[in-house]
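Results of the structural survey
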Amino acid sequence: MLEKVRNKLSHNKMNGWDWAFVICNTIFMILFCVVTLYPVLNTLAYSLSDGRDAILMGIHLVPRVWSVDAYKQVFKIAGMPRGAYITVMRTIIGSTLALAANALLAFIISRKKFLFRSGLSLFWVITMYASGGLIPGLILMTKLHLTGTFWVYIIPGLVSAFNILVLRTYMDSLPDSYEESAQLDGAGYMTIFLRIISPLCKPVYATVFLFVAVGHWNSWFDAMIYNRMNIKYTTLQYELQKLLNSVMQQTGSADSAGKTGTKSPVTPITVRSAATIATMLPIICLYPFLQRYFVTGLTIGGVKE
Amino acid sequence: MSLNDKDAPVLKSKINKTELKRQSILLIIAGLYVIYGIVFYYLPLLGWIMAFEDFNLRDGVIHSPKVGLRWFKFLFADGTFPRVIRNTLAMGAINLVATTVTAIGFAILLSEVKNIYGKKLVQTISYLPHFLSWIVVTSIVRDAFGTNGIINEVLVNLHIIDQPISYFMHTQYFWPIVAISNVWKETGWNAIIYLATITAIDPSLYEAAAMDGAGRWQKIKHITLPGIRSTIIILLILNIGNVINAGFEVQYLLGRGVLQPVSQTIDIYVLNYGMKNFSLGTAAGIFKTFVSMFLIFLFNFIAKKTGEERLF
């Protein structure tokens, strides 16, 4: 036993410099985690603080006086629950439809016998680089009567060249023999897509779904541009931005903030923190379990030729 | 890397009548995709006409009076737009360099962590900020850099500064703050791909180097860095076009008031002026597209000349 340990140690041959490096590297990694987590935990601490106490500032990781009133207040702001509903709907519907649309197109482009294979590829590659810009896009949406609707979030971004690239790279790596044997059994292309290729593509489908879903969850610009006039369809992040802005104006004059703050158990700073935490919570709870999907996705979509 | 690989085996000769019949369903679907693409990606390019006319809603895109290059001349008539271009390119370049360097550095250091659980934990934490929206991140950044924020608190306690600084009142702090925001948000995420490349390097190279007495630094310099070199260059070329696209959310959300002269980017300019004057906004948008195309081709050209990997 001892012999083994000694062998292992001598094999590793850790000298003084190596130890110094390992210690420094460990300290660096701990610092990195602290810098990453502190702002989030700090916001969490403020969100769970009593408003009158939070106004004195200086809270770090643990509230001095605990309170969940700020969260109750956030859910009472009309825009927040409605924005959350719209955002959940667009994330689910938008990601599902985008995955289906991109997967089918990637399937077509990755068929080696397809007549217009390279032409169709080029058609979509060009869209990656040339875009009309904000104003022509806005005019198009108006002309198509998409502005002021829910579908303006879903339809314009349905097909994206980057996601096709990721999906196609994965599909190209599958052996042709699956398709050939299915073909011999008389399967048409749609059967091959639905029954053979799609089940094999589950990991990369998860990746693309995740990428699109994160985009939908965090988007606010399209809500601001297309649906500013129609508050029925604004998104969660847009409502958060509106809230943060109004709070900033309130705290801008410290005087008024102080006055309202001392009277109520919720103050702008706690409401703002609670709203921020509430919008990020779902995604923070989910992402650690989805890690392997985005790691594979980035790796195949990226550099591996 | 590119979608359009010319090396794919051409099997056209195999396409006979039966195959064509089998493919008919694919051809119909592909046709629908082309219609979608034309409407949502190619039709807006037609809107570029607006940049050369005095657009009004009554006459529409096609029939509005033509004014030639008037809006392009207008863009450069005063110092605003050139300053906007400077801001866009400067922040884009600073962000690209800062996020690339930190991601590579982090990936190399993390690959040196031998404790598998520690490594996993650090990596999981490092992804977190990527999943937050810029709305949330800028709110966090505003708090951290505020007069009562943690940055001032730490700096004052370490006696690096005597008085808390109001970072958002002085223009010289804005670009570094934008870079720091980007680094905070994306370092862990960008490191994923470098870490994957480092993991794929043949371990026997390191063993052989160790036999020859190479130290840790020499191994990084002579094996790890050359191993991820092509990845770095491909990603740089891919992101160079985004240098000009990335200048929107952070700048728009953080750069209000006195910061306008250093924070305004082309996208913000288009949003501020273009929503009132569609022709001017389109002209600025066209300018942006051309600069981004130019940057991509320039970097591709440089990569080609120096014998590096390239996109096309």
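Just so you know, the residues in each chain are numbered from 1, in the order the chain's sequence is written. Note on labels: chains are lettered from A, ligands numbered from 1, in written order. The predicted origin of the model limits local features to residues at a pLDDT of at least 70 and limits the giving and counting of side-chain atom pairs to 80 or more, whereas totals for whole chains, interfaces and linings rest on all residues. No hydrogens and no water enter the side-chain calculation; it runs on all heavy atoms of the structure.

Moving on to the overall build of chain B. Of the regular secondary structure elements, chain B holds 14 helices and zero strands. Only DSSP runs of H or I covering at least 4 residues are called helices, and only runs of E covering at least 2 are called strands; the numbering of each starts at the N terminus. In chain B, the succession of helices and strands from N to C terminus is α-α-α-α-α-α-α-α-α-α-α-α-α-α. The reference for a compact globule is 2.2 Å times residues^0.38; the radius of gyration itself is calculated from the C-alpha atoms. What you see for chain B is a C-alpha radius of gyration of 25 Å, clearly larger than the 20 Å of a compact globule of 312 residues, by over 25%. Structurally, chain B occupies a C-alpha span of about 70 × 70 × 35 Å along its principal axes. Note on classification: 1.4 Å probe, protein chains only; a residue is buried when its accessible area is under 20% of the maximum for its type, exposed when over 50%, partly exposed between these limits. By residue count, 50% of the 312 residues in chain B fall in the buried class. Long-range pairs, those at least 24 residues apart, make up 63% of the contacts in chain B with a sequence separation of at least 6. In short, Shrake-Rupley with a 1.4 Å probe defines the accessible areas, and a residue's cover is counted only from the protein chains shown. For chain B, the computed accessible surface area is about 15,600 Å², with 66% contributed by carbon and sulfur atoms. The sign given to each residue is positive for Lys and Arg and negative for Asp and Glu; His and the chain ends receive no count. All charge positions are set by atom: Lys at NZ, Arg at CZ, Asp at CG, Glu at CD. One finds the centroid of the 27 positive side-chain charges in chain B at a distance of 7 Å from the centroid of its 19 negative side-chain charges. Two residues qualify as a contact provided that any one of their heavy atoms is within 4.5 Å of a heavy atom in the partner residue.

Looking now at the packing of helix H5 (residues 79-110) of chain A against helix H1 (residues 17-46) of chain B. For the pair H5 of chain A and H1 of chain B, interaxial distance at closest approach is 10 Å and the crossing angle is 125 degrees. Overall, the two elements H5 of chain A and H1 of chain B adopt an arrangement that is oblique. For the element pair H5 of chain A and H1 of chain B, the recorded crossing hand is left-handed. Two secondary-structure elements touch here, H5 of chain A through Ala100, Ala101, Leu104, Leu105, Phe107 and Ile108 of chain A and H1 of chain B through Leu26, Ile29, Ala30 and Tyr33 of chain B. The class makeup of the residues in the contact of H5 of chain A with H1 of chain B is 10 nonpolar, no polar and no charged. Orientation is described by axes fitted as lines to C-alpha atoms, over the contacting stretch for helices, and by angles from 0 to 180 degrees between their N-to-C directions. Roughly parallel here means an angle under 35 degrees, roughly antiparallel means over 145, roughly perpendicular means 65 to 115, and every remaining angle is called oblique. Each crossing is labelled by how the near helix is turned from the far one, with a counterclockwise turn of less than a right angle marking it left-handed and a clockwise turn marking it right-handed. Any residue outside Ala, Val, Leu, Ile, Met, Phe, Trp, Tyr, Cys, Pro, Asp, Glu, Lys and Arg is labelled polar, Gly included; the first ten of those are nonpolar and the last four are charged.

What follows covers the packing of aromatic side chains. Two rings from Phe, Tyr or Trp (for Trp, the six-membered ring) form a pair when their centres sit within 6.5 Å of each other. Planes less than 30 degrees apart are called stacked, planes more than 60 degrees apart edge-to-face, and all others tilted. Taken as a whole, this structure holds 34 aromatic pairs over all chains when the rule is applied. For the ring pair Phe294 of chain A and Trp189 of chain B, a centre distance of 5.0 Å and an interplane angle of 45 degrees mean the geometry is tilted. A residue pair is termed interchain when its members come from two chains, as with Phe294 of chain A in helix H16 (residues 291-301) and Trp189 of chain B in helix H8 (residues 174-199). The exposure class of Trp189 of chain B is buried, given its relative accessible area of 11%. Their ring planes at 20 degrees and their centres at 5.2 Å tell us that Phe248 of chain B and Tyr252 of chain B sit as a pair that is stacked. The buried category is assigned to Phe248 of chain B, whose relative accessible area is 8%. The structure contains a cluster of three or more aromatic residues connected by ring pairs, namely Phe211, Tyr287 and Phe294 of chain A together with Tyr127, Phe131 and Trp189 of chain B. In this analysis the charged atom, NZ for Lys or CZ for Arg, is taken to sit over a ring once it is within 6 Å of the ring centre and within 35 degrees of the ring normal. Over the ring of Tyr189 of chain A we find Arg22 of chain B, and its NZ or CZ is 4.3 Å from the ring centre. Lying over the aromatic face of Tyr273 of chain B, Lys276 of chain B brings its terminal NZ or CZ to 5.9 Å of the ring centre.

Now for the domain arrangement of chain A. All names here are of chain A. Annotation comment: domain bounds sourced from an automatic or database domain assignment. Once the domains are mapped, chain A shows domain 1 (2-76 + 253-294) and domain 2 (79-233). Here domain 1 and domain 2 have C-alpha centroids that lie 35 Å from each other. Contact residues are listed per partner, giving nine residues for domain 1 and nine residues for domain 2. Summed over both partners, the accessible surface that disappears when two parts come together, traced with a 1.4 Å probe, is what is meant by buried area. Carbon and sulfur atoms make up 80% of the surface buried where domain 1 meets domain 2, a total of about 800 Å² over both sides. Considering only the surface of domain 1 that becomes buried against domain 2, Ile283, Tyr293 and Phe294 emerge as the three largest contributors, covering 54% of it.

Attention now moves to the interface of chain A and chain B. Facing the 98 residues of chain A at the interface are 87 residues of chain B. Summing the contributions of chain A and of chain B, the shared interface buries around 8,500 Å²; its carbon and sulfur component is 74%. Salt bridges are defined as contacts in which a side-chain nitrogen from Lys or Arg sits within 4 Å of a carboxyl oxygen from Asp or Glu. On the surface where chain A and chain B come into contact, there are two salt bridges. We define a polar contact as two N or O atoms separated by no more than 3.5 Å, with the added condition that, inside protein, one atom must be a possible hydrogen donor and the other a possible acceptor, whereas residues neighbouring each other in sequence contribute only through side-chain atom pairs. Our enumeration of links across chain A and chain B arrives at 22 residue pairs in polar contact (both at pLDDT 80 or more). The biggest single contributor to the side of chain A that touches chain B is helix H2 (residues 16-47) of chain A, with 15 residues. Looking at the side of chain A that touches chain B residue by residue, the class counts come to 67 nonpolar, 23 polar and eight charged.

Another point: the nonpolar core. Grouped burial of nonpolar side chains is what soluble globular proteins tend to show. Core analysis: the largest hydrophobic core is formed by 136 residues, its most contacted members being Phe107, Trp124, Val159, Tyr205 and Phe294 of chain A together with Leu132 of chain B. Residues in contact with Phe294 of chain A, not counting those within four places in the same chain, are Thr207, Leu210, Phe211 and Tyr287 of chain A together with Tyr127, Phe131, Trp189 and Ile192 of chain B. Of all hydrophobic cores here, the second largest spans 21 residues; its members include Phe32 of chain A together with Ile193, Ile232 and Leu235 of chain B. By nonpolar core we mean a set of buried residues, namely Ala, Val, Leu, Ile, Met, Phe, Trp, Tyr and Cys, connected to one another through side-chain atoms within 4.5 Å.

Our next topic: the domain arrangement of chain B. Residue and element names in this part refer to chain B. For chain B, the domain assignment lists domain 1 (12-68) and domain 2 (75-305). Of the residues lining the interface, eight residues belong to domain 1; the matching set on domain 2 comes to seven residues. Around 580 Å² of area is buried between domain 1 and domain 2 when both sides are counted, 78% of it from carbon and sulfur atoms. Inspection of the region where domain 1 meets domain 2 yields zero salt bridges. Counting across the interface, domain 1 meets domain 2 through three residue pairs in polar contact (both at pLDDT 80 or more).

The subject of this paragraph is H1 of chain B. Two residues of an α-helix separated by three or four positions point the same way, owing to the 3.6 residues in each turn. Given a helix with a known number of residues, its expected span is that number minus one, times 1.5 Å. Helix length check: H1 of chain B (30 residues) gives 38 Å between terminal C-alpha atoms against 44 Å at 1.5 Å per residue, more than 12% under. Bend is the name given here to the angle between axes fitted to two runs of seven residues, the run ending at a residue and the run starting at it. The axis of H1 of chain B is deflected most strongly, by about 45 degrees, at Gln23 of chain B. Residues of H1 of chain B that are buried: Glu19, Gln23, Leu26, Ile29, Ala30, Tyr33, Tyr36, Gly37, Phe40, Tyr41 and Pro44 of chain B. Residues of H1 of chain B that are buried in the fold lie against H5, helix H6 (117-129), helix H7 (134-143), helix H9 (176-184) and helix H10 (189-200) of chain A.

So, about the layout of surface pockets. The volume enclosed by the second largest pocket comes to roughly 1,900 Å³. The way it works is a 1 Å grid over only the protein atoms, where trapped points that fit a 1.4 Å probe form a cavity and open points with protein on both sides within 12 Å along at least five of seven lines form a pocket, and then any residue with an atom within 4 Å of a point lines it. What lines the second largest pocket is a set of 49 residues, and nearest its centre among them are Ser111, Glu112, Lys114, Arg216 and Lys219 of chain B. Among the elements of the structure, helix H1 (2-12), H2 and H16 of chain A together with helix H5 (116-127), H8, helix H9 (203-211) and helix H10 (216-240) of chain B are those that each provide at least two residues to the lining of the second largest pocket. Counting residues per element, the lining of the second largest pocket draws most heavily on H2 of chain A, which supplies 10 residues. Taken together, the residues of the lining of the second largest pocket sort by class into 24 nonpolar, 14 polar and 11 charged. Grid points are joined across faces, edges and corners, and a volume is the space filled by probe spheres set on the points.

A word on the pattern of salt bridges. Under the definition given, this model contains 18 salt bridges over all chains. Across the salt bridge formed by Lys185 of chain B and Glu186 of chain B, the nearest N and O atoms sit 3.4 Å from each other. Judged by relative accessible area, Lys185 of chain B falls into the buried class, the value being 6%. By relative accessible area, which is 14% here, Glu186 of chain B ends up buried. Put simply, Asp18 of chain A together with Glu112 and Arg216 of chain B are held in one network by salt bridges that share partners.

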